[in-house]
Amino acid sequence: MTSTSHGTQPVINTEPSHHYDRVHEAWELLMGAEFHYGFFADARTPLAAATAALTEEMIRRARFAPGDRVLDVGCGTGRQACDLAERFDVELVGITTSETGVDAGLHQAANRGLVQVSFEQRDGTDNKFPDASFDVVWVLESSHLMRDRRALLSECVRVLRPGGRLVLCDIIRRREIPFLEVRSRRREFGVLRAAFGDAHMEPLADYAETLRGLGMTVHDATDISAETLGTFAAWRANAETYRDQVIQLIGLDSLDEFVEATEILERFWGDETLGYGILSATR
Ligand SMILES: C[S@@+](CC[C@H](N)C(=O)[O-])C[C@H]1O[C@@H](n2cnc3c(N)ncnc32)[C@H](O)[C@@H]1O
């Protein structure tokens, strides 16, 4: 991070070399400390409580036991991996294709004195870990970035020990999108791609079916689109609250794009094109 916070008013470092940190800071202002969707018990739930609640939904399904070896696929900044290792006394390996993410994770683990956490640059669709080497595989909102979903899931299953658990949550596609509709909504898809990167969504049932085909027992595959819908309004509220700071960090165009993307996603949730799912399975 390139800023120090005084309450909610960050002091911004505008050096060009701090570009990545500025983007990171902007997203932290817009999305909160945890960069993922929230699980809203009701519309009044604050965003921070909702993002924590989504993590709790994953934790409940992961059933961590002390000493478990856990693989976090698509570990982001590594913050969550460190939190889990600290809280549940598990050994955690975070992987991401991002070198910056690995550096951020290593830095975080070192700062917090967590020797049982490591971060490595590896691809979730071909992780190269030995077979049956983890008790839990944790995939929080990263699967939509791995187009070869079958390769991701079969790698997750391969590295699990017999009895090991897979927990995953992500944005899902809730219906077929006809070609003509894809064409007519091309602009909306373009805005989403510009704001959040290239993503590929699949039905939750397809994840479950693939996992069953790989010999897993799927315990639940739950559509939580309704519970995650509040995320967009919360992100927009932050865009309003931190407007000046975010513009200083990433510029007005990027802020406008972000806000428009939240409106598009809200529409997609509303017409049941996209949504959010969570699942757990045992090898
Ligand atoms: C939206 S972030 C989720 C971060 C984290 N799980 C969280 O919830 O805070 C997606 C993460 O997936 C990683 N990622 C994207 N493609 C990947 C791949 N093929 N293999 C491993 N990680 C990947 C990105 O680098 C990023 O860390």
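Residues numbered from 1 in each chain as written. Predicted model: local features only at pLDDT ≥ 70, side-chain atom pairs only at ≥ 80, totals over all residues. Heavy atoms only, no water.

> Mind showing me how you'd approach the pattern of salt bridges here?
Side-chain pairs of opposite charge can arise where the charged atoms are in close proximity. Tallied over the full model, the rule gives 26 salt bridges. A salt bridge links Arg61 to Asp220, with the nearest nitrogen and oxygen atoms 2.8 Å apart. Linking Arg61 in helix α2 (residues 47–62) with Asp220 in strand β8 (residues 217–223), this pair joins segments that are 159 residues apart in sequence. You'll find Arg61 and Asp220 in the same group, each marked buried. Between Asp223 and Arg174 there is a salt bridge; the shortest N-O distance is 3.3 Å. (Salt bridge = Lys/Arg side-chain N within 4 Å of Asp/Glu carboxyl O. Helix = DSSP H or I, 4+ residues; strand = E, 2+ residues; numbered from the N terminus. Buried < 20%, exposed > 50% of the residue type's maximum accessible area, 1.4 Å probe, protein only.)

> Please clarify how the nonpolar core should be interpreted in this entry.
It is characteristic of soluble globular proteins that their nonpolar side chains tend to be buried jointly. In this structure, Tyr37, Phe64 and Trp138 are the most contacted members of the largest nonpolar core, which totals 56 residues. Considering each element in turn, this core owes the most residues, seven residues, to helix α12 (residues 252–270). Setting aside residues up to four positions removed in sequence, Phe64 forms contacts with Ile59, Val70, Leu84, Phe88, Val90, Val136, Trp138 and Arg165. Grouped together as the second largest cluster of nonpolar side chains are 26 residues, Leu71, Phe129, Val139 and Leu166 included. (Core = buried A, V, L, I, M, F, W, Y, C linked by side-chain atoms within 4.5 Å. Contact = heavy atoms within 4.5 Å.)

> Would you mind showing me how to read the state of the cysteines here?
What makes a disulfide is a covalent bond joining the sulfur atoms belonging to two cysteines. Going through the model one piece at a time under the given rule, you end up with zero disulfides. With no disulfide of its own, Cys75 lies 9.2 Å from the sulfur of Cys82, the closest cysteine sulfur. (Disulfide = S-S within 2.5 Å.)

> It is not clear to me how the sheet that holds strand β9 (residues 274–282) should be interpreted in this structure. Could you clarify?
Whenever strands of a sheet pair, they do so through backbone hydrogen bonds, lying parallel or antiparallel. If you trace the seven strands from one edge of the open sheet to the other, you get β5-β4-β3-β6-β7-β9-β8, paired in mixed fashion. A single partner strand is all that each edge strand has here, and the edge strands are β5 (117–121) and β8. Strand-to-strand, the axes of this sheet are offset by a mean angle of 15°, without reference to chain direction. Both strand β4 (residues 91–96) and β5 contribute to a ladder of five bridges, which runs parallel. By the bridge assignment, Ile95 is partnered in β5 with Glu120. Sitting on the sheet, α12 is in contact with β7 (160–173) and β9, with an inclination near 70° to β9. (Pairing = 2+ DSSP bridges. Axes fitted to C-alpha atoms, helices over the stretch in contact; angles between N-to-C directions.)

> Would you explain the pairing of β7 in this entry?
Walk down a regular strand and you will see the side chains alternate between the two sheet faces. Taking burial as the measure, the 14 residues of β7 include 11 buried ones, the bulk of the element. Relative to β7, strand β6 (residues 134–140) runs parallel, the two being bridged by six bridges. In the sheet register, Val136 faces β7, and the bridge partner there is Arg165. Taking the sense of rotation as the criterion, the β-α-β connection linking β6, helix α5 (residues 149–159) and β7 turns out right-handed. (Right-handed = clockwise from strand over helix to strand, strands pointing away.)

> Honestly, the site of the ligand in this entry has me stumped. Any pointers?
If you check the shell around the ligand, you find 14 residues, and the closest are Gly74, Gly76, Thr96, Gly124 and Leu140. Here a nitrogen atom of the ligand sits 2.9 Å away from a polar atom, N or O, in the side chain of Asp123. In this structure, Leu140 approaches the ligand through a main-chain N or O atom, which is 2.8 Å from a nitrogen atom. For the shell around the ligand, the class distribution of residues is three nonpolar, eight polar and three charged. (Near = heavy atom within 4 Å. Polar contact = N/O pair within 3.5 Å; in protein donor to acceptor, adjacent residues only side chain to side chain. Nonpolar A, V, L, I, M, F, W, Y, C, P; charged D, E, K, R; others polar.)

> Explanation requested: helix α11 (residues 243–250) in the structure shown.
Since one α-helical turn is 3.6 residues long, residues separated by three or four positions face the same way. Buried within α11 are the following residues: Gln245, Val246 and Leu249. The buried residues of α11 occupy one face: seen down the axis, they fall within an arc of 95°. Just downstream of α11 lies Gly251, where phi reads positive at about 95°. (Arc of directions from axis to C-beta.)

> Sorry, what's going on with the packing of aromatic side chains here?
To describe a pair of aromatic rings, one takes the distance between the centres and the angle between the planes. Throughout the structure, instances matching the rule amount to 15 aromatic pairs. For the ring pair Phe189 and Phe268, a centre distance of 5.3 Å and an interplane angle of 25° mean the geometry is stacked. Taken together, the residues Phe189 in helix α7 (residues 186–196) and Phe268 in helix α12 connect sequence positions 79 residues apart. A relative accessible area of 0% places Phe268 in the buried class. Residues Phe196 and Phe258 carry aromatic rings whose centres are separated by 6.0 Å and whose planes lie at 65° to one another, so their mutual orientation is edge-to-face. (Phe/Tyr/Trp six-rings, centres within 6.5 Å; stacked < 30°, edge-to-face > 60°.)

> When you look at the packing of α7 against α12 in this model, what are you seeing that I'm missing?
Packed helices, taken two at a time, are described by their axes: the angle between them and the distance between them. Relative orientation of the contacting elements α7 and α12 amounts to 125°, with a least axis distance of 9 Å. By the angle between their axes, α7 is oblique relative to α12. Along this stretch, α7 crosses α12, giving a crossing that reads as left-handed. Judged by residue contacts, Arg187, Glu188, Phe189, Val191, Leu192, Ala194, Ala195 and Phe196 of α7 engage Glu257, Phe258, Glu260, Ala261, Ile264, Leu265, Arg267 and Phe268 from α12. (Parallel < 35°, antiparallel > 145°, perpendicular 65-115°, else oblique. Left-handed = near helix turned anticlockwise from the far one by under 90°.)

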